[in-house]
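Residue-level listing of the chains:
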Amino acid sequence: MFVSTEQPVAATSGRARAALITGITGQDGSYLAELLLSRGYHVHGLVRRSSTFNTERIDAIYQDPHEHDPRLRLHYGDLSDATGLRRIITAVAPDEIYTLAAQSHVKVSFQQPEYTADVIATGTLRLLEAVRDYQESGRRVRLYQAGSSEMFGGSPPPQSEQTRFTPRSPYAVAKVAAHGFAVNYREAYGLFIANGILFNHESPRRGETFVTRKVTRAVGRIKLGLQDKLYLGTLDARRDWGFAGDYVEAMWLMLQAGQPDDYVIATGRSHSVRELVELAFAHAGLDWQEHVALDPRYLRPTEVEHLCGDASKARERLGWRPRIGFEELVRMMVDHDLRLAEQELTLRRAGYAPPRLLEPTHA
Ligand code: NAP
Ligand code: G4F
């Protein structure tokens, strides 16, 4: 059984709380790191090695450890490497762990199902095993597990904590497995694990192959004459889109609660991809019908038609509610990507060609 301390872990010990974020270089990890730093935490981030730097989203908050004693520290690690995860947890001694790392693209999960399952399902298990041993050595830690509305898949909206999981992609199946491991470890070993079941959340930091950002990047480039066409898979799917900055606040709130639990996080409103496209192009003064075309290579073998969440439980028990709605979110992203396109144009005029945006389309 989990024994409630009623107080957030280490709040009474006098030292600043320490948090470990896996996936800190991603969209959510970067917003969460900013939130935790603003609340006085020491933040440790797991960064996977890549042949080019992958820290762009956290560059603004990173300080050179040679010149400062920073509250943000980065550690090389990977969810495929259990030994490294154990070593980092022991070294960092976190009070809170946020497991955000994932191969998070649904379409890519059909092309790389085995890798996706390894990182998301087995990767979560590796981390849970490390946390289990860490806690048995006498330390207390609270863990956030990044679940997804994709787990609801084919179940009709509105989806809540009571809705059946009917996953429709390797990504979603792996997330259901990770969710199941987390619930089991909570019950079996008394670990404080909160499962967030988050609906789509976006921002100017969203990866450029997710549909919102793909659209707003294209709008910026089309407006400035850097591109003419935007190719999409379908305009009919509906999603409940919120702002990532609001959603990381919910992650934090889940770990401050008296008991660990599972929570749906959503705005409660859904829109089609067509509505997204219309709004984004109109905000830049463009007619979307002149630029958008369909390419079946962006279709998924099994699509999730309609996600729209019921976040009443989070509202009542955590006091969480979204601040930014769909229209404001889309305008924010288009405005950001118009500025990005202006920078690209300036660089091109100066003779420098920025990297091209290449999205593999073939399985
Ligand atoms: P994201 O932008 O794609 O970031 C994923 C992060 O995971 C990146 O930091 C990535 O590192 C890291 N990563 C990938 N594979 C890894 C590995 N093998 N070992 C260590 N790190 C690895 O995703 P996000 O939108 O921030 O989402 C965060 C989490 O929430 C994910 O688990 C996602 O599945 C889940 N989620 C997201 C949404 C949403 O709408 N955004 C909704 C529900 C659930 P690199 O920077 O090196 O690629
Ligand atoms: O932006 P998407 O790729 O996001 P998707 O598949 O809903 O997954 C995202 O949200 C999940 C939460 O529900 C997360 F768990 C997951 O990690 C990820 O962050 O696609 C949204 C919709 C889909 O129906 C897709 O088929 O847009 C449709 N779409 C239409 N044309 C497209 C495209 N999606 C992409 N990425 N690219 C297209 O050309």
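Residues numbered from 1 in each chain as written. Chains lettered and ligands numbered in written order. Predicted model: local features only at pLDDT ≥ 70, side-chain atom pairs only at ≥ 80, totals over all residues. Heavy atoms only, no water.

1. Examining the overall build of the chain
- The helix and strand tally for the chain stands at ten helices and 13 strands.
- In terms of C-alpha radius of gyration, the chain reaches 21 Å, essentially the compact-globule figure of 21 Å for 363 residues.
- C-alpha extents for the chain along the principal axes are approximately 60 × 50 × 35 Å.
- A burial count over the chain gives 53% of its 363 residues as buried.
- Summarising the internal contacts of the chain: among those between residues at least 6 apart in sequence, 80% fall at separations of at least 24.
- For the chain, the accessible surface area stands at approximately 16,700 Å², while carbon and sulfur atoms represent 49% of it. (Helix = DSSP H or I, 4+ residues; strand = E, 2+ residues; numbered from the N terminus. Rg over C-alpha atoms; globule rule 2.2 N^0.38 Å. Buried < 20%, exposed > 50% of the residue type's maximum accessible area, 1.4 Å probe, protein only. Contact = heavy atoms within 4.5 Å. Areas by Shrake-Rupley, 256 points an atom, 1.4 Å probe, with all protein chains shown as cover.)

2. With respect to the domain arrangement of the chain
- Examined at the domain level, the chain breaks down into domain 1 (18-203 + 241-265) and domain 2 (211-238 + 270-301 + 325-349).
- Computed over C-alpha atoms only, the centres of domain 1 and domain 2 are separated by 29 Å.
- Each partner contributes residues to the interface: domain 1 has nine residues there, and domain 2 has 16 residues.
- For the pair domain 1 and domain 2, the number of links is zero salt bridges.
- Where domain 1 touches domain 2, the interface holds three residue pairs in polar contact (both at pLDDT 80 or more).
- Secondary structure elements with two or more residues in the side of domain 1 that touches domain 2: α3 (106-111) and β10 (242-243).
- Of the residues forming the side of domain 1 that touches domain 2, the biggest block, three residues, is contributed by α3. (Domains from an automatic or database assignment. Salt bridge = Lys/Arg side-chain N within 4 Å of Asp/Glu carboxyl O. Polar contact = N/O pair within 3.5 Å; in protein donor to acceptor, adjacent residues only side chain to side chain.)

3. Points about the environment of Val47
- Here Val47 lies in strand β2 (residues 42-47).
- Here the alpha-carbon distance between Val47 and Ile24, two residues 23 residues apart in the chain, equals 7.0 Å.
- Non-local contacts of Val47, meaning those with residues more than four positions away in its chain, are made with Ile24, Thr25, Asn54, Thr55, Leu74, His75, Tyr76 and Gly77.

4. Thoughts on the site of ligand 1
- Close to ligand 1 lie 25 residues, the nearest being Thr25, Asp28, Asn54, Ser104 and Tyr171.
- In the model, an oxygen atom of ligand 1 is placed 3.0 Å from a nitrogen or oxygen of the Gly26 main chain.
- Considered on its own, ligand 1 offers 890 Å² of accessible surface; in the complex 90% of this is hidden by protein.
- Broken down by secondary-structure element, the contributors of at least two residues to the shell around ligand 1 are α1 (27-38), α4 (113-136), β5 (142-148) and α5 (170-189).
- Sorting elements by how many residues they give to the shell around ligand 1 places β5 first, with three residues.
- Its residues placed into classes, the shell around ligand 1 shows ten nonpolar, ten polar and five charged. (Near = heavy atom within 4 Å. Nonpolar A, V, L, I, M, F, W, Y, C, P; charged D, E, K, R; others polar.)

5. Considering the site of ligand 2
- Taken together, 25 residues lie around ligand 2, and Ser148, Ser149, Tyr171, Arg300 and Glu303 are the ones closest in.
- Take Val211: an N or O atom from its main chain is 2.8 Å from an oxygen atom of ligand 2.
- Between ligand 2 and Gly233 there is a distance of 2.9 Å, counted from a nitrogen atom to a backbone nitrogen or oxygen.
- In isolation ligand 2 offers 710 Å² of accessible surface; the protein chains occlude 96% of this area.
- Sorting the residues of the shell around ligand 2 by element identifies α6 (211-223) and β8 (230-232) as the ones contributing at least two each.
- Looking at the shell around ligand 2 residue by residue, the classes come out as eleven nonpolar, eight polar and six charged.
- Each of two domains, domain 1 (18-203 + 241-265) and domain 2 (211-238 + 270-301 + 325-349), supplies a minimum of three residues to the shell around ligand 2.

6. What to know about the pattern of salt bridges
- All chains considered together, the criterion is met by 23 salt bridges.
- Arg73 is the salt-bridge partner of Asp69, the closest N and O atoms lying 2.8 Å from each other.
- Note that Asp133 is salt-bridged to Arg86, the shortest N-O span being 2.6 Å. Taken together, the residues Asp133 in helix α4 and Arg86 in helix α2 (residues 82-92) connect sequence positions 47 residues apart.
- One salt-bridge network, held together by shared partners, links Glu208, Arg213, Arg217 and Asp337.

7. Thoughts on the sheet that holds strand β6 (residues 192-198)
- Ordered by their spatial adjacency, seven strands build an open sheet running β3-β2-β1-β4-β5-β6-β11, and the pairing between neighbours is parallel. Whereas interior strands pair on both sides, the edge strands pair on one side only; in this sheet they are β3 (72-76) and β11 (262-265). Strand after strand, the sheet turns through a mean of 20° between neighbouring axes, direction not considered.
- Sheet analysis places β5 next to β6, joined by seven bridges and oriented parallel. Each residue of the ladder has a partner; that of Gln145, found in β6, is Asn195.
- Packing of α1 onto the sheet brings it into contact with β1 (18-22), β2, β3 and β4 (96-99), and relative to β1 it is tilted by some 175°. (Pairing = 2+ DSSP bridges. Axes fitted to C-alpha atoms, helices over the stretch in contact; angles between N-to-C directions.)

8. Description of the packing of α1 against helix α7 (residues 244-256)
- Axis separation between α1 and α7 bottoms out at 9 Å; the angle between their running directions is 65°. The two elements α1 and α7 meet at a crossing, and its hand is right-handed. Counting all contacts with α1, which are made through Gln27, Asp28, Tyr31, Leu32, Leu35 and Leu36, the residues of α7 involved are Ala244, Gly245, Val248, Glu249, Met251 and Trp252.
- Of the residues assigned to the contact of α1 with α7, the class counts are eight nonpolar, two polar and two charged. (Left-handed = near helix turned anticlockwise from the far one by under 90°.)

9. Topic: unusual backbone geometry
- Here the amide bond leading from Pro157 into Pro158 is cis, since omega sits at -5°, within 30 degrees of zero.
- In this structure, Pro158 sits in the loop between β5 and α5.
- Within the chain, Ala93 stands out as a residue other than glycine whose phi angle is a positive 50°.
- Checked against the element boundaries, Ala93 lands in the loop between α2 and β4.
- Residue class for Ala93 comes out buried when judged on its relative accessible area of 15%.

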